[in-house]
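Fold and geometry: a report
Residues per chain are reported as follows:
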Amino acid sequence: MEIITHSTDSLFSTRLSSSLGDHLTIAEAQADDLPEIALLNDEIFQEERIINSFDRDDLLMLVALYDDEPIGFKIGYRENRFVFYSAKGGVKEQFRRQGVGKAMLYAMVDRVQQMGYKRLAYDTFPNMHPAMTIMGLREGYSVVRADFNHAYHDFRIRFEKKL
Ligand SMILES: CC(C)(COP(=O)(O)OP(=O)(O)OC[C@H]1O[C@@H](n2cnc3c(N)ncnc32)[C@H](O)[C@@H]1OP(=O)(O)O)[C@@H](O)C(=O)NCCC(=O)NCCS
């Protein structure tokens, strides 16, 4: 895994500001790291499917590490030349509310801005996963679409933010 940001890096020092301090690193994962992501996905979402397809343009897979232990992941890819889509992500329960989700979001935003994308988008299910809705609203994301998803028995809300 390529380390892209560490909580002591000057560029990110204020923005990461996780209570995990020096222990937290955000790394860019490669195909070799998929087994670790699969374990995280299974623990966080209790499902085998990670995302429908990894055959995506500009696939970006981030892993959050507590020292060397993977504690979270975030995966996204190109939706169109302007919009980068964050498809799935989560943090192990015992590491939540310590800034890890936000650190991964910021790392993704930095990466995709460098790649030239203008907006970040994601879908979420507010009853099933309320934290991602709260975090989106607090981070300045707007609701741009909502519908009811019969498979998940929940509303699906799409958030977007101009980068
Ligand atoms: C969503 C998720 C990734 C957030 O990760 P996290 O590391 O706990 O998030 P952070 O600690 O960075 O939280 C950042 C901010 O989001 C908001 N937030 C996050 N979780 C929240 C919760 N459970 N309740 C209220 N606000 C919450 C808060 O504003 C928080 O800042 P604060 O702690 O300073 O108040 C995590 O809760 C998770 O994995 N949930 C299950 C899976 C999931 O929902 N994935 C997203 C599906 S679209």
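Everything below is about the structure printed above this text.
Residues numbered from 1 in each chain as written. Predicted model: local features only at pLDDT ≥ 70, side-chain atom pairs only at ≥ 80, totals over all residues. Heavy atoms only, no water.

Quick look at the overall build of the protein
On a plain count of helices and strands, the protein comes out with 4 helices and 8 strands. Ordering the α and β elements of the protein from the N terminus gives β-α-β-α-β-β-β-α-β-α-β-β. Taking the principal axes of its C-alpha atoms as reference, the protein extends roughly 40 × 35 × 30 Å. Look at the contacts in the protein between residues 6 or more apart in sequence, and 60% of them connect residues 24 or more apart. By element, 48% of the accessible surface of the protein is carried by carbon and sulfur atoms, the whole surface being about 8,900 Å². Distance between charge centroids for the protein: 10 Å, based on 20 positive and 25 negative side chains. (Helix = DSSP H or I, 4+ residues; strand = E, 2+ residues; numbered from the N terminus. Contact = heavy atoms within 4.5 Å. Areas by Shrake-Rupley, 256 points an atom, 1.4 Å probe, with all protein chains shown as cover. Lys, Arg positive; Asp, Glu negative; His and termini not counted. Charge placed at Lys NZ, Arg CZ, Asp CG, Glu CD.)

What about the nonpolar core?
By size, the foremost hydrophobic cluster in this structure holds 26 residues, and its most contacted members are Leu24, Ile26 and Leu120. When contributions to this core are tallied by element, the ones reaching two or more residues are β2 (24-29), β3 (60-66), β5 (83-91), α3 (100-114), β6 (119-124) and β8 (154-162). When residues of this core are assigned to their parent elements, the largest contribution, 9 residues, is made by α3. Formed by 17 residues, the second largest nonpolar core is a distinct cluster that contains Ala29, Ile37, Phe73 and Tyr85. (Core = buried A, V, L, I, M, F, W, Y, C linked by side-chain atoms within 4.5 Å. Buried < 20%, exposed > 50% of the residue type's maximum accessible area, 1.4 Å probe, protein only.)

Considerations on the site of the ligand
As a matter of local geometry, the ligand sits amid 20 residues, with Gly89, Val91, Arg97, Gly101 and Lys102 nearest to it. A distance of 2.8 Å separates an oxygen atom of the ligand from a polar atom in the backbone of Arg97. In the model, an oxygen atom of the ligand is placed 3.2 Å from a nitrogen or oxygen of the Gln98 main chain. In isolation the ligand exposes 910 Å². Once the protein is present, 79% of that is buried. (Near = heavy atom within 4 Å. Polar contact = N/O pair within 3.5 Å; in protein donor to acceptor, adjacent residues only side chain to side chain.)

Considering helix α2 (residues 34-45)
Taking 1.5 Å of rise per residue, the 12 residues of α2 would be expected to cover 16 Å, and the 15 Å separating its terminal C-alpha atoms lies within 8% of that figure. Inspection of α2 places Ile37, Leu40, Asn41, Ile44 and Phe45 among the buried residues, and these make up the whole buried set. For α2, the angular spread of buried residues about the axis comes to 100°, placing them on one side. Opposite the buried face of α2, by more than 90 degrees, sit the exposed residues Pro35 and Leu39. Those residues of α2 that are buried lie in contact with β2, β3, β4 (69-78) and β5. Gln46 sits one or two positions beyond α2 and adopts a positive phi of about 50°. (Expected span 1.5 Å × (residues − 1). Arc of directions from axis to C-beta.)

Digging into the packing of aromatic side chains
One pass over the full model with this rule turns up 8 aromatic pairs. Consider the rings of Phe45 and Phe73, whose centres lie 6.3 Å apart with planes at 70°: the pair is edge-to-face. Placement of Phe45 in helix α2 and of Phe73 in strand β4 is noted, with a sequence separation of 28 residues between them. We classify Phe73 as buried; its relative accessible area is 0%. An angle of 50° between the planes, with centres 5.8 Å apart, marks the rings of Tyr77 and Tyr85 as tilted. (Phe/Tyr/Trp six-rings, centres within 6.5 Å; stacked < 30°, edge-to-face > 60°.)

A look at the pattern of salt bridges
As enumerated under the stated definition, the model contains 11 salt bridges in all. For Asp123, the salt bridge goes to Arg145, with nearest N and O atoms at 3.8 Å. On the criterion of sequence distance, the pair formed by Asp123 in strand β6 and Arg145 in strand β7 (residues 142-149) is long-range, its members being 22 residues apart. With relative accessibility at 40%, the residue Arg145 sits in the partly exposed group. Connected through salt bridges with shared partners, the residues Glu79, Arg119, Arg158 and Glu160 form a single ionic network. (Salt bridge = Lys/Arg side-chain N within 4 Å of Asp/Glu carboxyl O.)

Details of the pairing of β6
Counting buried positions along β6 yields 5 of 6 residues, so the element is predominantly enclosed. Relative to β8, β6 runs antiparallel, the two sharing 6 bridges. Across the sheet, residue Tyr122 finds its bridge partner in β8, namely Phe159. (Pairing = 2+ DSSP bridges.)

These results come straight from atomic positions and should not be treated as a statement about function.
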